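Understanding the architecture of this molecule
Chain residues, written in single-letter form:
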Amino acid sequence: MSKAVFADAKEKMNKSIDAFTRELSTIRAGRANPSLLDRVQVEYYGALTPLNQLASVSVPEGRTLMVTPFDKSAMQNIEKGIQKADLGLSPNNDGNVIRISIPALTNERRAELIKIIGRYAEEAKVAVRNVRREANDELKKMQKNNELTEDDLKRNQEEIQKLTDSSISTIDEYAKNKEAEVKEV
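Residues numbered from 1 in each chain as written. Predicted model: local features only at pLDDT ≥ 70, side-chain atom pairs only at ≥ 80, totals over all residues. Heavy atoms only, no water.

Moving on, we get to the layout of surface pockets. By volume, the largest pocket amounts to about 270 Å³. Looking at the largest pocket, it is lined by 15 residues, and the ones nearest its centre are Thr26, Arg39, Asp86, Leu87 and Arg109. Per-class residue counts for the lining of the largest pocket are nine nonpolar, two polar and four charged. Every residue lining the second largest pocket is listed: Arg39, Val40, Gln41, Val42, Glu43, Leu48, Asn77, Lys80, Gly81, Lys84 and Ala85. The set of elements that each furnish at least two residues to the lining of the second largest pocket consists of strand 1 (41–44) and helix 2 (75–84). The element contributing the most residues to the lining of the second largest pocket is helix 2, with four residues. Tallied by class, the residues present in the lining of the second largest pocket amount to four nonpolar, three polar and four charged. (1 Å grid on protein atoms, 1.4 Å probe; cavity = no way out; pocket = protein on both sides within 12 Å on 5 of 7 lines; lining within 4 Å. Points joined across faces, edges and corners; volume = space filled by probe spheres on them. Nonpolar A, V, L, I, M, F, W, Y, C, P; charged D, E, K, R; others polar. Helix = DSSP H or I, 4+ residues; strand = E, 2+ residues; numbered from the N terminus.)

Given below as structure tokens:
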């Protein structure tokens, strides 16, 4: 039974890490990356649709994104969607594709992005700690119901703590790598 609690906690912690890495991928680091546009929603026939369902996004050069719509009639809407996403990017529409130049980051913007990375990392750590708390509560209930001995409870709590420490160090590593990417000129 305690294995189920451990497996559930591990799955939830991994989901928290995955969500954190998705958040990090949306932070631009002065380099063109198609995942910058992952959050962009485009109004298409009256419904908000993710950009990646309406167009392909490629990186023809280091600081340029190229958006090629599957349906040319959606060009204007895609352009508006990119502008509304408030990413600090200005799309250039040439009739066939939309090119987006990624400007170099200023020092102020780098500092701001590093703070954002730190905030995302802290939110992910809090999520992991909440999973730990829930797992420990579940284990304590099991012990109260005589499904676990006190020694098993301690041993399982130590395993959950090791999993938590591992998850938090993974989050720190991702945050450190992203900060280094943002600081890179």
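As a further point, take the environment of Leu54. By the secondary structure assignment, Leu54 is in the loop between strand 2 (47–50) and strand 3 (55–61). When its relative accessible area of 7% is taken as the criterion, Leu54 is described as buried. Taking the C-alpha atoms as reference points, Leu54 and Phe70, separated by 16 residues in sequence, lie 5.9 Å from one another. Beyond its immediate sequence surroundings of up to four residues, Leu54 is in contact with Val42, Tyr44, Thr49, Pro69, Phe70, Asp71 and Ile78. (Buried < 20%, exposed > 50% of the residue type's maximum accessible area, 1.4 Å probe, protein only. Contact = heavy atoms within 4.5 Å.)

We now examine the environment of Pro91. By the secondary structure assignment, Pro91 is in strand 5 (residues 91–93). The class of Pro91 is buried, set by a relative accessible area of 7%. Once the C-alpha coordinates of Pro91 and Ser101 are considered, the two residues, 10 residues apart in sequence, prove to be 7.5 Å apart. Those residues in contact with Pro91, other than ones at most four positions away along the chain, are Glu79, Ile82, Gln83, Ile98, Arg99 and Ile100.

Before going further, it helps to spend a moment on the sheet that holds strand 3. Taken in spatial order, the four strands line up as 3-4-6-5 in an open sheet, and their pairing is antiparallel. Looking at strand neighbours, the two that pair on one side only are strand 3 and strand 5, the edges of this open sheet. The average angle at which neighbouring strand axes cross in this sheet is 25 degrees, direction not considered. The sheet contact formed by strand 3 and strand 4 (residues 64–69) spans five bridges and is antiparallel. From the neighbouring strand, Ser58 faces strand 4, where its bridge partner is Met66. Where helix 2 meets the sheet, it contacts strand 3, strand 4, strand 5 and strand 6 (98–101), and its direction lies at approximately 170 degrees from that of strand 5. (Pairing = 2+ DSSP bridges. Axes fitted to C-alpha atoms, helices over the stretch in contact; angles between N-to-C directions.)

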